[in-house]
Amino acid sequence: MAEMARYASDPRASRGRLHDEGRAENGGSVRGPRDDFQRDRDRIIHSISFRRLRHKTQVFVSPDGDHFRVRLTHSLEVAQIGRTIARSLGLNEDLTEALCLAHDIGHPPFGHAGEDALEEGLADFGGFDHNAQTIRTLTKLERPYPRWDGLNLTWEMLEGLAKHNGPVSEPTWALAEANAPMDLDLGRWPSLEAQIAAVADDIAYDNHDIDDGIRAGLLSIDQLLTLPFVAERWVDICTRFPDIERDRLIPELIRDQIGVMVNNVIETTVKRIQDTGVETADDVRSAGLMIGGFSDDMAGKERTLKKFMYTNLYNHPEQMEAADEARIVVADLVKAYRDKPELMPESWAATLPSEEPDRIRHIADFMAGMTDRYASTCHAAIFGKRNG
């Protein structure tokens with residue numbers, strides 16, 4: 001790895017883990033010469049919750065085709081973009097990668113449709129938020145170690161996940177619970193690694209969802225060309241490849257857009273580092289603004305692209321129909337498990353708290369860990385197979 005910048009997160013200066021394991025460089029572990037952030041990344045990759053992402057919705061609910069993205073492939077693509085930007089800026093690549101890989105672990109089955117159903121089911125008990133559920137999963141529900149619950153991730157890792165969208169002024173119950181033992185400094189911006197992981201997520205799903213939307217026949221290149229930002233790239237590509245059929249140019253469009261966005265983030269972040277004069281990772285937290293991200297102009301173009309995607313893809317009638325079905329499945333299961341907890345697997349039913357809100361939150365923990373197909377299987381076992 002290239003030499004890190006002074007404002008990068010240094011694993012040797014980490015604020016540590018909730019449970020002391022002893023520093024690897026001081027003989028605290030026999031499991032290879034890895035630093036703390038490398039261990040965080042590896043713990044994510046080896047976790048059960050990460051493996052489950054291969055059967056969780058990204059854009060399409062339980063997609064029929066093998067070529068569509070799911071949460072797992074999306075997370076890998078975010079990590080690739082995040083590492084590229086981190087390397088260019090001299091940041092810690094391992095922490096950036098770990099944050100990218102972990103950022104969607106709290107998503108329930110069926111994407112935002114499933115989250116909406118869980119939010120409604122927990123409305124009287126603090127609600128449900130997938131960002132907070134990510135931390136709850138990694139600090140409480142994962143249990144691979146004999147002496148504590150959770151993966152015992154570093155403070156910097158948990159801070160970055162907690163503040164995925166910036167400072168948090170009003171934490172949800174789940175985030176407040178995770179924050180209590182370590183004080184993740186929720187009111188300030190996170191590290192530059194966390195900021196870059198967040199914008200890498202935007203870059204990945206903005207552009208790769210276009211690819212999947214076109215592949216599914218729900219978007220067309222002509223629709224996209226109503227966006228000047230996209231049209232500019234397309235004209236340039238058609239000029240470079242005048243004799244190539246349109247379909248073969250779509251992947252080039254996706255690559256070019258990602259490249260333009262990545263370059264903009266790098267250039268903008270370098271300028272903001274210079275303008276703010278940050279010299280340390282803590283300076284980044286105290287800067288009072290987002291340093292790692294798009295320029296104002298690119299941020300505007302990205303918002304326009306998102307609005308287009310919601311109108312033409314995410315809220316497409318076919319997508320809405322699938323989402324409605326997914327919400328019914330999740331809502332039915334929440335009610336079924338509340339009424340008859342014995343329908344849950346024995347390990348979950350046996351540990352069900354007797355009082356609210358812990359009772360419904362326990363059920364939500366079980367539900368949030370489900371894959372799309374497991375949720376559908378459970379629903380069919382209780383209610384019979386749905387039509388369609």
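These numbers come from a predicted model, not from an experiment.

A. Summary view of the overall build of the protein chain. Within the protein chain one finds 18 helices and zero strands. For 388 residues, the compact-globule estimate of 2.2 N^0.38 gives 21 Å, and the C-alpha radius of gyration of the protein chain, at 22 Å, lies within 12% of that figure. Taken along its principal axes, the extent of the C-alpha atoms in the protein chain is 65 × 60 × 40 Å. Looking at the protein chain residue by residue over its 388 residues, the buried ones come to 54%. A separation of at least 24 residues holds for 71% of the contacts in the protein chain among residues at least 6 apart in sequence. Accessible surface for the protein chain amounts to roughly 18,200 Å². Of this, 49% is attributable to carbon and sulfur atoms. Considering the protein chain, the positive charge centre built from 46 side chains and the negative charge centre built from 66 side chains are found 3 Å apart.

B. Region of the structure containing helix α11 (residues 228–240). Taking 1.5 Å of rise per residue, the 13 residues of α11 would be expected to cover 18 Å, and the 18 Å separating its terminal C-alpha atoms lies within 8% of that figure. Considered for burial, the residues of α11 that qualify are Phe229, Val230, Ala231, Arg233, Trp234 and Ile237. Those residues of α11 that are buried are in contact with α10 (221–224), α12 (250–276) and α14 (296–314).

C. Highlighting helix α6 (residues 130–141). In this model, α6 (twelve residues) spans only 14 Å end to end at C-alpha, well below the 16 Å of a helix rising 1.5 Å per residue. Within α6, nine of the twelve residues are buried, which leaves the element mostly enclosed by the surrounding structure. Buried within α6 we find His130, Asn131, Ala132, Gln133, Thr134, Ile135, Arg136, Thr137 and Leu138.

D. A look at the packing of helix α1 (residues 36–45) against helix α4 (residues 93–102). At a minimum axis distance of 8 Å, the contact between α1 and α4 shows a crossing angle of 25 degrees. With respect to their mutual orientation, α1 and α4 come out roughly parallel. The handedness of the crossing between α1 and α4 comes out as left-handed. Where α1 approaches α4, its residues Phe37, Gln38, Asp40, Arg41, Ile44 and Ile45 are matched on the opposing element by Asp94, Leu95, Glu97, Ala98, Leu101 and Ala102. Residues belonging to the contact of α1 with α4 are distributed by class as follows: seven nonpolar, one polar and four charged.

E. Summary view of unusual backbone geometry. Note that the residue after glutamate 356, namely proline 357, is joined by a cis bond; omega there is 5 degrees. Its place among the elements puts proline 357 in the loop between α16 (346–350) and α17 (358–368). Phi at aspartate 183 takes a positive value of approximately 50 degrees, unusual for a residue other than glycine. Tracing the chain through its elements places aspartate 183 in the loop between α8 (173–179) and α9 (192–215).

Cut-offs and rules
Residues numbered from 1 in each chain as written. Predicted model: local features only at pLDDT ≥ 70, side-chain atom pairs only at ≥ 80, totals over all residues. Heavy atoms only, no water. Helix = DSSP H or I, 4+ residues; strand = E, 2+ residues; numbered from the N terminus. Rg over C-alpha atoms; globule rule 2.2 N^0.38 Å. Buried < 20%, exposed > 50% of the residue type's maximum accessible area, 1.4 Å probe, protein only. Contact = heavy atoms within 4.5 Å. Areas by Shrake-Rupley, 256 points an atom, 1.4 Å probe, with all protein chains shown as cover. Lys, Arg positive; Asp, Glu negative; His and termini not counted. Charge placed at Lys NZ, Arg CZ, Asp CG, Glu CD. Expected span 1.5 Å × (residues − 1). Axes fitted to C-alpha atoms, helices over the stretch in contact; angles between N-to-C directions. Parallel < 35°, antiparallel > 145°, perpendicular 65-115°, else oblique. Left-handed = near helix turned anticlockwise from the far one by under 90°. Nonpolar A, V, L, I, M, F, W, Y, C, P; charged D, E, K, R; others polar.

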